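# Fold and geometry: a report
Okay, here's what each chain looks like letter by letter:
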Amino acid sequence: MKGDKNVDIQALKDIANKLRIDSIVATNASKSGHPTSCASMAEIMSVLFFHTMKYKISAPKDPSADRFVLSKGHAAPILYAAWAEAGLFPVDELKNLRKLDSDLEGHPTPRLNFVDVGTGSLGQGLAVAAGMAYVGKYFDQTPYRVYCLVGDGEAAEGSIWESLHFASHYKLDNLVVIFDVNRLGQSEPTSLQHQLNVYDARLKAFGLHSLVVDGHDVSELVKAFDEAANTSGRPTAIVAKTFKGRGFPGIEDLDNWHGKALGAEGEKIIKVLQSQIKNNTVTLKPKPPTAEAPKVHIGDITLSSPPSYKPGEQVATRLAYGTALKKIADTNLRVIAMDGDTKNSTFSDKLRNAYPERYIECFIAEQNLVGVATGVACRDRAVVFASTFAAFFTRTFDQIRMGAISQSNINLAGSHCGVSIGEDGPSQMGLEDLALFRSVPTATVFYPSDAVSTERAVELAANTKGICYIRTSRPNTPILYPNDEQFKVGQAKIIRESPKDRVLLIGAGVTLHEAVAAADKLKAEGVEARVLDPFTIKPLDEEAVVKHARAVGGNVVVVEDHYQAGGVGEAVLSAVALVRDIAVKHVYVREVPRSGPPAVLLDKYGISAPHIVAAAKAVLKA
């Protein structure tokens, strides 16, 4: 070995050029990709994967191993090349990049056993990395480290700075964020170009240990990563001055090469790069992890005690959510709650008050909240429940959809849904959230209507794979179910029925209670009504909907505290679309609402019991 402290500098330089060549070969084979974006980070990847990081080729996702998150996911070819050159799979497989039958996709996804999360929607990787680092420092208490590579273009995303603030606040000294400052964006230079002093000043202002380096100098990178490992009490940022297309004659640092395979130019460049390699045989191997992460069990999670409510008692489902969260935390040490400074409204503070070390305050930065949750759940290290107002999850839709691509198991709870929140007004009313979560392919959507069903929804979500969403309401509502009632995902409940029922009323949350009141009014007028509680909106119990709709002669009213598009009504309409002789009257919030008392708003916007009665009569006359 040659060089400082037994570091073979030349070998690392050689590997960097091999990674460049691999990236050209892969993107030429697919006739698409981002070879110039790969070239700017070649030395960074060489030093990380062949000197700094501790991991096992035999077990890429070993809980004890260092983590690497490629936030600039379009540089996927060089990530794949690093693992191939390390020996995980044959280098020749890189030629399958972007082919339909290959998991080497255009941007990384966890279909690959060395990728923890999907990236490519820029600005999100750092939140995930911060979540991983939080678990390593405070829960696993194991010395694995987390490295996140961020592109300078995506540094314009506000979510990056949310995550930097979070990492600094929690003193995540096991986190290293590398800024690949290659000056060029997709269509033009970045706003800061190579003003490294500006990046450095901003990062220092955010409380990070910031180091400015030549990103193509292997020796500087080795020293910087070593310094990061010896920095305590704050995360490290490495600001690397790089050049897009580094080492590509006639292309380096020039515009209009983003996202383009090099074609014939690439073949010439490969020969130039090969001439610079001193040793074609990779001799550097990654070091193994230094300590074992604790084994954890996050399955078979149960409430520490069953629901214990009295008939007729009035309890808000948001309060029952907090009660259940504390109960499942009683039985499993890896149940973790997170919130965005709404914990005394969502009642996630019930877990915090009981187990403060298992609560993570993310403050008013909801995009970071969801990203960190994804990171905390990575490698099955924890069962995560992140909560805020339902309305505020709309700004996190991109993080949620990337969570689905990442095969993430996170639980999100949105309180204060609909006009029923009252005087706070429309900015605080979740009226689009069901549409959001129903559109996510891996999502299960719970909409419990009383405290008993809410507690069971929390228990079920803790054991359900994918993204789970629990919609909770602000007002106190009556207990509907006995404490020993059993609930299942995708299984609806019938609240009341008789052989003489002529109309089926379907509601959820506060509107289920309005539907019960409407059924009473209809009964007084000689019309028997059946009332169905879907419990989960996705998957909807379509069999039960069709069965009970037929039983009442095909007359259905769906009422919801949500806008028309994407909610309970559209789920029901989809379920009966191909079933003959079923008519559905959909009752929903038809306009942007205003402030007012909850009961007044339910009536003003047409979703109170009298409106349900009118809708039932209309569908019976049709």
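Please read all numbers here as calculations on a predicted model, not as lab measurements.

Each value, and the rule that gives it
- Residues numbered from 1 in each chain as written.
- Predicted model: local features only at pLDDT ≥ 70, side-chain atom pairs only at ≥ 80, totals over all residues.
- Heavy atoms only, no water.
- Helix = DSSP H or I, 4+ residues; strand = E, 2+ residues; numbered from the N terminus.
- Buried < 20%, exposed > 50% of the residue type's maximum accessible area, 1.4 Å probe, protein only.
- Polar contact = N/O pair within 3.5 Å; in protein donor to acceptor, adjacent residues only side chain to side chain.
- Axes fitted to C-alpha atoms, helices over the stretch in contact; angles between N-to-C directions.
- Parallel < 35°, antiparallel > 145°, perpendicular 65-115°, else oblique.
- Contact = heavy atoms within 4.5 Å.
- Nonpolar A, V, L, I, M, F, W, Y, C, P; charged D, E, K, R; others polar.
- Pairing = 2+ DSSP bridges.
- Right-handed = clockwise from strand over helix to strand, strands pointing away.

## Things to note about the side chain of Arg-456
By secondary structure assignment, the location of Arg-456 is in helix α16 (residues 451–462). Owing to a relative accessible area of 14%, Arg-456 belongs among the buried residues under this scheme. Separated by 2.9 Å, the side chains of Arg-456 and Glu-459 make a polar contact.

## As for the packing of helix α18 (residues 542–551) against helix α19 (residues 568–576)
In contact at an axis separation of 9 Å, α18 and α19 are set at 75 degrees when each is read in the N-to-C sense. If you check the angle between α18 and α19, you find them roughly perpendicular. Contacts between α18 and α19 pair Glu-542, Val-545 and Val-546 from the former with Val-572, Ala-575 and Val-576 from the latter. Looking at the contact of α18 with α19, its residues break down into five nonpolar, no polar and one charged.

## Some details on the pairing of strand β3 (residues 175–181)
Across the seven residues that make up β3, a large majority, seven, are buried. Alternating residues of β3 divide into Leu-175, Val-177, Phe-179 and Val-181 and Val-176, Ile-178 and Asp-180, and every residue in both groups is buried. Across six bridges, strand β2 (residues 146–151) lies against β3 in parallel orientation. Bridging across to β3, Cys-148 finds its partner in Val-177. In this view, the connection linking β2 to its parallel neighbour β3 by way of helix α6 (residues 158–169) has right-handed handedness. Taken together, the six bridges between β3 and strand β5 (residues 236–241) define a ladder with parallel strand orientation. Paired with Val-177 across the bridge in β5 is Ala-237.

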